Amino acid sequence: MSVPNDRKYSDSHEWYLVDGNVVTIGITEFAAEELTDITYVELPAVGKEFAAGAAVGEIESVKATSDLISAIGGKVVAVNDELADHPELVNDDAHNRGWMVKIEASDLSPLDDLMDAAAYGEHVG
Amino acid sequence: MNESPLHSFHVKLGARMVDFAGWSMPVMYRGIIEEHNHTRTKCSLFDVSHMGRLYLTGKDTEALLQLVCTRNVGDMSVGLSRYTHMCREDGGILDDVIVSRFEDQYLVVCNASNRQKITDWLSRHAAGKDVQMTDRTMETAMIALQGPEAIPQVEKLLNIDLSGLKRYHFQTGSYFTFKYAIFRSGYTGEDGVELILPAGIVKLAMPALMGMSNTDDAVIKPAGLGARDSLRLEAGMPLYGHELTEDWDSLTARQGWCVHLDKDFIGADAMREKKEKGLTQKIVGLKLEGRRTARQGFEVRANGETVGQVTSGVLSPTLGESLAMALVGMDHTKDGTQLSVQFGEKEVAATVVKIPFYKLSS
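Here the structure is a predicted model, which means the values were calculated and not measured.

Colleague: With reference to specific residues and values, describe the overall build of chain B.
Modeller: Within chain B, the regular secondary structure consists of eight helices and 20 strands. Since a compact globule built from 362 residues should have a radius of gyration of about 21 Å, the 21 Å found for chain B is in line with a globular shape. In chain B, which comprises 362 residues, the share counted as buried stands at 46%. A sequence separation of at least 24 residues applies to 65% of the contacts in chain B between residues at least 6 apart.

Colleague: With reference to specific residues and values, describe the interface of chain B and chain A.
Modeller: Taken together, the 11 residues of chain B in the interface contact eight residues of chain A. Those elements giving two or more residues to the side of chain B that touches chain A turn out to be helix 2 (32–41) and helix 7 (225–234) of chain B. Considering only residue class, the side of chain B that touches chain A consists of four nonpolar, four polar and three charged.

Colleague: Talk me through the sheet that holds strand 2 (residues 16–20) of chain B; I want residue IDs and the actual numbers.
Modeller: All names here are of chain B. Taken together, the three strands give an open sheet; going across it, the order is 1-3-2, and neighbouring strands pair in mixed fashion. The open sheet has two edge strands, strand 1 (2–3) and strand 2, and neither has a second partner. In terms of strand pairing, strand 1 meets strand 3 (residues 23–28) through two bridges, oriented parallel. From the neighbouring strand, Glu3 faces strand 3, where its bridge partner is Ser24.

Colleague: Break down the sheet that holds strand 4 (residues 38–42) of chain A for me, citing the residues and quoting the values.
Modeller: Residues and elements named next belong to chain A. On the basis of which strands lie adjacent, the open sheet formed by three strands has the order 4-6-7 and antiparallel pairing. This sheet does not close on itself; its edge strands, each paired only once, are strand 4 and strand 7 (65–70). Ignoring strand direction, the axes of neighbouring strands in this sheet form an average angle of 25°. The pairing of strand 6 (residues 54–61) with strand 7 spans six bridges and is antiparallel. When the bridges of strand 7 are listed, Glu58 appears paired with Asp67.

Colleague: Let's hear about the pairing of strand 18 (residues 322–329) of chain B: which residues, and what values?
Modeller: Residue and element names in this part refer to chain B. The element strand 18 is largely enclosed, with a buried count of seven among its eight residues. For strand 15 (residues 281–288) and strand 18, the ladder comprises eight bridges, and the chain directions are antiparallel. Bridge pairing links Leu288 to Ser322 in strand 18. Alignment of strand 17 (residues 305–315) against strand 18, held across seven bridges, turns out to be antiparallel. When the sheet's bridge partners are listed, Gln309 is paired in strand 18 with Leu327. Here strand 17 hands over to strand 18 after six residues, with Gly320 in that stretch at a positive phi of 65°.

Colleague: Give me the lowdown on helix 5 (residues 150–158) of chain B, citing residues and values where you can.
Modeller: Residues and elements named next belong to chain B. Among all positions of helix 5, only Ala150, Gln153 and Val154 are buried. Here the buried residues of helix 5 occupy an arc of 95° about the axis, which is enough to place them on one side. Within helix 5, the exposed residues directed more than 90 degrees away from the buried face are Pro152 and Lys156. Looking at the buried positions of helix 5, the neighbouring elements they touch are strand 4 (43–47), strand 10 (140–146), strand 13 (192–198) and strand 14 (220–222). Taken from the residues just after helix 5, Asn159 is the one with a positive phi, measuring 55°.

Colleague: Outline the packing of helix 3 (residues 61–68) of chain B against helix 4 (residues 115–126) of chain B, listing residues and values.
Modeller: Residues and elements named next belong to chain B. Relative to each other, helix 3 and helix 4 sit at 120°, their axes nearing to 10 Å. Classified by the angle their axes make, helix 3 and helix 4 are oblique. Where helix 3 crosses over helix 4, the handedness of that crossing is right-handed. Contacts from Leu64, Leu67 and Val68 in helix 3 reach Trp121, Leu122, His125 and Ala126 in helix 4. Counted by class, the contact of helix 3 with helix 4 contains six nonpolar, one polar and no charged residues.

Colleague: Tell me about the domain arrangement of chain B, residues and numbers included.
Modeller: All names here are of chain B. Here chain B is described as being made up of domain 1 (2–51 + 138–234) and domain 2 (52–135). On a C-alpha basis, the centres of domain 1 and domain 2 stand 24 Å from each other. With 14 residues of domain 1 at the contact, the number on the domain 2 side is 13 residues. Among the secondary structure elements, those contributing two or more residues to the side of domain 1 that touches domain 2 are strand 10 and strand 11 (170–175). Looking at the side of domain 1 that touches domain 2, its residues break down into nine nonpolar, five polar and no charged.

Analysis parameters
Residues numbered from 1 in each chain as written. Chains lettered and ligands numbered in written order. Predicted model: local features only at pLDDT ≥ 70, side-chain atom pairs only at ≥ 80, totals over all residues. Helix = DSSP H or I, 4+ residues; strand = E, 2+ residues; numbered from the N terminus. Rg over C-alpha atoms; globule rule 2.2 N^0.38 Å. Buried ≥ 20, exposed ≤ 12 C-beta atoms within 10 Å, placed from the backbone. Contact = placed C-beta atoms within 7 Å. Nonpolar A, V, L, I, M, F, W, Y, C, P; charged D, E, K, R; others polar. Pairing = 2+ DSSP bridges. Axes fitted to C-alpha atoms, helices over the stretch in contact; angles between N-to-C directions. Arc of directions from axis to C-beta. Parallel < 35°, antiparallel > 145°, perpendicular 65-115°, else oblique. Left-handed = near helix turned anticlockwise from the far one by under 90°. Domains from an automatic or database assignment.

Okay, here's the thing in structure tokens:
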């Protein structure tokens with residue numbers, strides 16, 4: 001299982017890739033494997049604003065539905081439209097083509113509390 | 001935690017094990033959708049050893065079963081199995097079970113989650129009667145082989161002829177010195193069999209089972225509880241805890257076909273009264289727009305009003321549609337009725353459709 005070291009990780013298995021003040025969020029390969037076949041990803045509308053810690057989307061798999069949580073607050077500037085027809089991209093390539101939302105962060109500091117790749121690798125190992 | 005005799009088989013094949021009604025059971029091996037599709041096209045092996053297996057003997061057994069089963073089980077010939085419910089006095093469903101008649105005994109196969117409840121229920125109503133009950137769940141294994149290739153594969157494996165074995169019939173046999181019972185039944189909507197055999201034999205047979213099913217081009221592959229659930233849902237089969245609960249009766253659950261109101265049984269009066277007054281709600285099939293999966297407990301609405309709740313849902317691997325079963329008010333049960341399902345604040349349109357969603361063409 002891969003855990004790229006260019007990003008931060010949450011307990012609830014989201015990854016956060018920072019570029020300036022825009023943060024791309026997805027779920028980890030570990031989470032995608034745990035969820036099994038992902039059948040649908042419900043994403044927010046572009047322009048919608050969220051507080052830190054809010055559920056910004058839902059991930060449906062054959063077995064269960066789970067929330068996509070964002071540790072940072074801000075405005076949604078992009079969502080991965082490709083997932084509408086190809087939710088399996090999350091299973092196939094969770095850390096790249098399976099990205100879910102880009103949020104323009106109002107405050108990046110919550111990311112300081114998240115795990116780096118080494119800590120997350122240990123967390124799920 | 002209880003372990004099936006096939007436990008090490010599951011672990012060696014890399015299954016994801018979950019706690020299911022106090023049993024460590026495989027939810028999937030390679031992927032639920034892949035296992036689902038393999039069952040519809042080839043043959044899957046399901047470990048269903050967690051199901052309760054209660055054997056009853058004594059001259060009052062038939063009378064006891066007639067009393068507790070909604071269906072007439074008094075006229076069964078040897079080698080016949082029947083699906084039936086057991087209900088409380090008020091009609092609340094205690095369990096759905098399969099009763100099989102052997103030469104010298106009856107077998108009741110019940111759900112793992114209800115094994116203690118059904119054991120207690122049978123014991124209570126057997127008091128003062130000539131009935132002896134033996135729970136052989138732990139000393140036997142139960143395996144289902146399901147799919148279009150199941151019958152020829154089992155014939156080859158056990159060197160038997162199943163052409164004379166009709167649906168819901170069973171026969172006993174022996175393989176070398178091992179005795180087994182083979183039932184033409186299942187919970188997938190496919191043809192196939194369920195086998196009950198001594199736990200020890202399964203352990204011995206495990207290396208062969210593994211070698212047989214652990215290659216990419218294997219005809220028989222293992223499938224877990226995840227695929228079992230999506231398969232039964234497509235086939236419109238109810239699941240205890242979802243479409244069947246103590247909160248409602250067999251008629252409401254749309255299982256009136258296994259309720260014989262012309263005989264006396266526990267719950268009959270309540271169901272006769274229901275039938276006379278008319279049901280207030282019923283389980284229906286729903287087809288949802290889009291690809292989201294409805295989950296148990298989601299609200300069903302008609303014109304903004306809550307009229308029921310989802311009991312099970314799946315994005316059907318075979319049909320590619322979002323399907324669900326739901327308990328709704330009687331005014332909303334006709335085929336073609338337009339309803340909606342609430343996904344949080346979002347509403348998804350749904351149409352009442354016939355159950356089963358998937359039917360094997362014969």
